[in-house]
Amino acid sequence: MCPNLFEQHNRAIPVLPLRPVDRVYHYAVPDDMQIRAGDIVSVPLGGGYALGIVWGDEIDADELDYNLKSIQAVTDHAHIPGRLRELIEWTASYTMASIGMVAKMAMPISSIFQQEQLVTLYKPTKDALSAKGLTTKRQSVLQHLEKTGPATAPEISDVVGVSASMVYSMEKAGLLQPVSRDERFKVKDYNIDLPKLNADQERAAQRLVQNVKDQSFQVSLLDGVTGSGKTEVYFYAIQEAIERGDQALIMVPEIALTQQFTKRFQDRFEGKPCFWHSNMSVNDRKRAYKDIASGRARVIVGARSALFLPFKSLSLIIVDEEHDHSYKQEDKVIYQGRDIAVKRGHIENCPVVLVSATPSLETHVNCMQDRYERLRLPDRHAGALMPDMKVIDMRQEKVSKTFFISPALHEAMQETLNRGEQVMLFLNRRGYAPLTLCRSCGHRIQCPNCSAWLVEHRDKRKLKCHHCSYTDWRPKTCPECDAEDSLVPIGPGVERVRDDATVLFPDHNILVLSSDTHQVQSQLLEALEDIRNKKIDIIVGTQILAKGHHFPNLTCVGVIDADLGLTGGDLRASERTYQLLHQVSGRAGRAEKKGTVYLQSYQPEHRVIQALIDHDRDKFLYTEVVERQEAKMPPFGRMAGIIISSENEKKAEQQARACVVQIPQIDGVRILGPIQAPLYKLRKNYRWRLLVITDKKINLQKVIEIWLASVQTIKNTRIQVDIDPYTFF
């Protein structure tokens, strides 16, 4: 029998469905149901059922003049606290996204009504570490758990490289014992041999600790050169949060950095942090979500989505590498994670620490205007020196068109390897070549779904689109003219640079490190350990190598194309290129051996290259500030991108033209476009763009809201708003 959805009840309550909606819906509350704001419920919607969040207090159902459908069920497995609901509302208002989609980011697990699967954690027994006659693998398991704390059998299997059955057999043998989940996140400061802080580090650490003690909103920029010990300094603030019994969130821009942070964390603290990122399994995410909501998880390391978790007692937010553009989410709800972190700190009334060697211009200006405090670490830790910077003018180098390591860089690499030291070659371009061209007819192999060339990945004999992930086998003949052996790679990727290095140094161990080559966590960890143990002589990598890694024997860094990213009309092109190359340069000479960085450039006079050579970051930032201020561009003005898209090319253009007809004429507001997006076709959608630029004091969101409300919408088209755009493709 079908349930009566319109049973009469005295109580009603507002519910926000986790759907792309912009308002709450009222539902009747069954008489026997206990419910409160923030509960997760199942409600009838659109002929089916949807999850939703109770968005306010109960009201008298008689106040509503329409029949109400009844809530189907309520779960006690999750709850969205009031402060998080406030963040959701602010984020939706600021980004102009539907509040239902923002709420979905805060409740990303659709299976919360299911019974949680039991999980067993293991730790060594008292006598295990002194046991004799153990195999090497069993010893590795015990040593790993002694260092990291309790873990599940799959986690041990993944990191240590043993089978899960070995873990179970070790339990039967009395070497491992099961423990409760609470023990997983027991964290305390135990390292009695902490490195001695210098005066600048001591001042910064004391200030951050005091901010945690005060428990009031304060944004601090921990501004330190690469290798200055920024992580060690903010560990003191984490320690204070732990001792208070509270939670600390450490945001990292990329998933690959979570394990790297964990090693640093476990070198300092006993126990392990809780992770939150998209590569976790559904069960792991469910467990982490509940551990965070209950307060069991004390230290959380996560990507930008961690900002929308239901923390029980958040007392510290740290945004590591705050300048990194990976914090900007470019699809669905478009938002800047750093800005959301600051807002969450304001709502939670807790300190926020932004950490960078190359602060974003927005953060730099906020410090100039005394909105944020700046804590400087001007020197590398333990007396290590900043690397020497040298530019190689590629206009004067005699280099083959199909070879990408200059003679000058080759000589520097040879000298470094002769000393028994390591070399890193950096190129922020994956694969073998960015373009495959037919020499006979000039055909360029393009993605069928995007206006982009397919990137050749020679190791896998495939062509791949890095925008939509379309892949195809590399053809033997030209798809256009059928010419045989006519397809040639144009330009370098890291695989091609690796091949060049192999030709020059055939007797040395060379490793390519990119998101394509090391997608599995255990493989990445093993590769990084091989580098630290000097098993690798030459590392060829993309930006995955630019952040945070510490390789004591790495003294020579060669940037293959230092000009990459400087061209085009991107507002932040110079800033982004400087930040990336500065971070890459920071990998050289981080220990007692001084490093040297070689920048291969066709524009050695460019101010980005000159700022790097002169180690003059502040001069570069000053120039950027002056230019942006004169042009009234962010952060001295406001900007939004309007993206119109459709799978129907004609409808996309019609919708863009319809937007132009209704452009408002307001002082202090400029609207540019429409033009075809630089990447005109993306994932089968044709795209047009408009750009809104306003004075700082104008309510940008209100202008756009009124404007787009007057635009006639065309079926099967989409209009998306990007407040504070970071990319313009």
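These numbers come from a predicted model, not from an experiment.

1. Some details on unusual backbone geometry
A cis amide bond, omega 10°, links Pro634 with the succeeding residue Pro635. Following the sequence through the fold, Pro635 ends up in the loop between helix H17 (617–631) and strand E32 (637–646). Look at the link from Gly673 to Pro674: it is a cis peptide, with omega at 10°. Within the secondary structure layout, Pro674 lies in strand E33 (residues 669–682). We note that Asn349 has phi near 55°; this positive angle belongs to a residue other than glycine. Relative to the helices and strands, Asn349 resides in the loop between helix H10 (337–348) and strand E19 (352–356). Looking at Asn349, the relative accessible area reads 38%, which means it is partly exposed.

2. Things to note about the pattern of salt bridges
Within this structure, the stated rule accounts for 35 salt bridges. Ionic pairing is found between Lys535 and Asp530, a salt bridge with its closest N-O pair at 3.9 Å. The shortest N-O distance in the salt bridge between Asp570 and Arg576 comes to 2.1 Å. Arg576 sits in the partly exposed class, given a relative accessible area of 25%. Several salt bridges share partner residues, and in doing so they unite Asp223, Arg374, Arg376, Arg617 and Asp618 into one network.

3. A few points about the sheet that holds strand E9 (residues 176–179)
Pairing between the strands of a sheet comes from backbone hydrogen bonds, and it takes one of two forms, parallel or antiparallel. Taken together, three strands build an open sheet; the order of strands is E8-E7-E9 and the sheet is antiparallel. Sheet topology places strand E8 (151–152) and E9 at the edges, where each strand pairs with a single neighbour. In this sheet, E8 lies alongside strand E7 (residues 121–124) in antiparallel orientation, the contact comprising two bridges. Within E8, the position partnered with Leu121 by the bridge is Thr152. Across the sheet, helix H5 (residues 164–172) lies against E7 and E9, angled at about 100° from E9, the strand it touches most.

4. Focus on the packing of helix H3 (residues 136–148) against H5
At a minimum axis distance of 11 Å, the contact between H3 and H5 shows a crossing angle of 80°. Judged by the inter-axis angle, H3 sits roughly perpendicular to H5. When H3 is examined against H5, the residues Lys137, Arg138, Val141 and Leu142 are found in contact with a partner set consisting of Met166, Ser169 and Met170. Residue composition of the contact of H3 with H5, by class: four nonpolar, one polar and two charged.

5. Quick look at the environment of Glu146
Structurally, the position occupied by Glu146 is in helix H3. For the pair formed by Glu146 and Lys123, sequence separation is 23 residues and the distance between their alpha carbons is 7.4 Å. If sequence neighbours within four positions are ignored, Glu146 has contacts with Pro124 and Leu129.

Quick notes on the rules
Residues numbered from 1 in each chain as written. Predicted model: local features only at pLDDT ≥ 70, side-chain atom pairs only at ≥ 80, totals over all residues. Heavy atoms only, no water. Helix = DSSP H or I, 4+ residues; strand = E, 2+ residues; numbered from the N terminus. Buried < 20%, exposed > 50% of the residue type's maximum accessible area, 1.4 Å probe, protein only. Salt bridge = Lys/Arg side-chain N within 4 Å of Asp/Glu carboxyl O. Pairing = 2+ DSSP bridges. Contact = heavy atoms within 4.5 Å. Axes fitted to C-alpha atoms, helices over the stretch in contact; angles between N-to-C directions. Parallel < 35°, antiparallel > 145°, perpendicular 65-115°, else oblique. Nonpolar A, V, L, I, M, F, W, Y, C, P; charged D, E, K, R; others polar.

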